[in-house]
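If you want the building blocks of each chain, they are given just below.
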Amino acid sequence: MLSYDSPVSVNGQSSAASTIMSATRQNMASTPKTVRLPAPALSNGSLTNGAASSTNASLAKQHHIWLVTGPAGCGKSTVAKYLATCLHIPYIEGDEYHPQANIDKMSAGIPLTDADRWDWLTALREASIHELEQGHDGVVLTCSALKRKYRDVIRVAPYFTPNLHLHFIYLDASEEVLLQRVLARQNHYMGANMVHSQFDILEPPTKAEVDVIRVDVSRPADVVMAEALDNVLKTMDQVQGASAQK
Ligand SMILES: Nc1ncnc2c1ncn2[C@@H]1O[C@H](COP(=O)(O)OP(=O)(O)O)[C@@H](O)[C@H]1O
Ligand SMILES: O=C(O)[C@H](O)[C@@H](O)[C@H](O)[C@H](O)COP(=O)(O)O
């Protein structure tokens, strides 16, 4: 298991990402391994603004929300479970936060409206922050977040918490690919008839949305999961490096 907290490096490399990625590449297609991340030299663990002195603030532990996003069937749950297992952080399944009325609608093949989604999006944002307030350094969240304004709801999360970073992992594939996957999936309220409605309103992240990591999910799941993890680890290194320079 990867842990943000554990000060034991695997092979003496200085970078958390290079350490973990080398271990991960050797195990790309297999069950996630237990590997430990070097901890920051000093950390206050605080999510609050101003609790740290200016010196400590520059060395503060960084917290991350990894929001795995994309239309139904793109592999959000598959990728999110993998990341959460590897990083040893909690995983929030966005589907579980829908009110029953939303589930009933989707089960009946009726797409949700913006109004149906606002409270759900806010609840997901709050649930993510709640996990971090419990002492976790990161959390993985799944949410289709099909439109930019939905993503913007979650983007409020780090407004008042300078050591909190939100990253989207956008799982990108064609409607045809996702239709096949949803058709093959059993026991899910989201039927194949809903895939087209998701693509109808989908606003794929633009280049201007610089907090988005894009992963091509037309490839096999093990390749997709490994690439997602690589990207997460590189991003964590970049964030840690940038914060150390402040
Ligand atoms: N890269 C992939 N290649 C092939 N099948 C996949 C891939 N990723 C996920 N799947 C399968 O596709 C279906 C939908 O994946 P899931 O993770 O439930 O997507 P989502 O949570 O986005 O709806 C599942 O049956 C899953 O096992
Ligand atoms: O915004 C929406 O229309 C819904 O949230 C919808 O996206 C749903 O939650 C999931 O996409 C269905 O579940 P899967 O994504 O797991 O198929």
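As recorded in an unreviewed UniProt entry, the protein chain goes by the name Gluconokinase, listed as coming from Lasiosphaeria miniovina. For the record of the protein chain, the UniProt heading Sequence similarities (unreviewed entry) holds the text "Belongs to the gluconokinase GntK/GntV family."

Draft legend 1. Highlighting the site of ligand 2. Ligand 2 sits among 15 residues. The nearest are Lys76, Asp95, Arg117, Ser144 and Arg185. One of the side-chain nitrogen or oxygen atoms of Arg185 is found 2.7 Å away from an oxygen atom of ligand 2. The pocket occupied by ligand 2, as judged from atoms lying within 2 Å of grid points, is the largest pocket. Of the residues contributing to the shell around ligand 2, the split by class is six nonpolar, five polar and four charged.

Draft legend 2. Up close: the sheet that holds strand 3 (residues 138-142). Pairing in this open sheet of five strands is parallel, and the strands run 2-3-1-4-5 from one edge to the other. Only two strands of the sheet have a single neighbouring strand rather than two, namely strand 2 (91-92) and strand 5 (212-216). For strand 2 and strand 3, the ladder comprises two bridges, and the chain directions are parallel. If you follow Tyr91 over to strand 3, its bridge partner there is Val140. Contacts from helix 5 (residues 114-133) reach strand 1 (63-69), strand 2, strand 3 and strand 4 (164-172) within the one sheet, and its direction differs from that of strand 3 by about 155 degrees.

Draft legend 3. Quick peek at the layout of surface pockets. Space inside the largest pocket adds up to approximately 470 Å³. As for the largest pocket, its lining consists of 32 residues, of which Gly73, Cys74, Gly75, Lys76 and Arg185 are closest to the centre. Put simply, the parts of the chain that give the lining of the largest pocket at least two residues each are helix 3 (76-87), helix 5, helix 7 (175-184) and helix 9 (221-245). Examining the composition of the lining of the largest pocket, we find that five residues originate from one element, helix 3, more than from any other. Classifying every residue of the lining of the largest pocket by side-chain character gives 14 nonpolar, ten polar and eight charged.

Reading the values: the criteria
Residues numbered from 1 in each chain as written. Chains lettered and ligands numbered in written order. Predicted model: local features only at pLDDT ≥ 70, side-chain atom pairs only at ≥ 80, totals over all residues. Heavy atoms only, no water. UniProt positions renumbered as here; feature names shortened; annotations may be inferred. Near = heavy atom within 4 Å. Polar contact = N/O pair within 3.5 Å; in protein donor to acceptor, adjacent residues only side chain to side chain. 1 Å grid on protein atoms, 1.4 Å probe; cavity = no way out; pocket = protein on both sides within 12 Å on 5 of 7 lines; lining within 4 Å. Sits in = over half its atoms within 2 Å of the grid points. Nonpolar A, V, L, I, M, F, W, Y, C, P; charged D, E, K, R; others polar. Pairing = 2+ DSSP bridges. Helix = DSSP H or I, 4+ residues; strand = E, 2+ residues; numbered from the N terminus. Contact = heavy atoms within 4.5 Å. Axes fitted to C-alpha atoms, helices over the stretch in contact; angles between N-to-C directions. Points joined across faces, edges and corners; volume = space filled by probe spheres on them.

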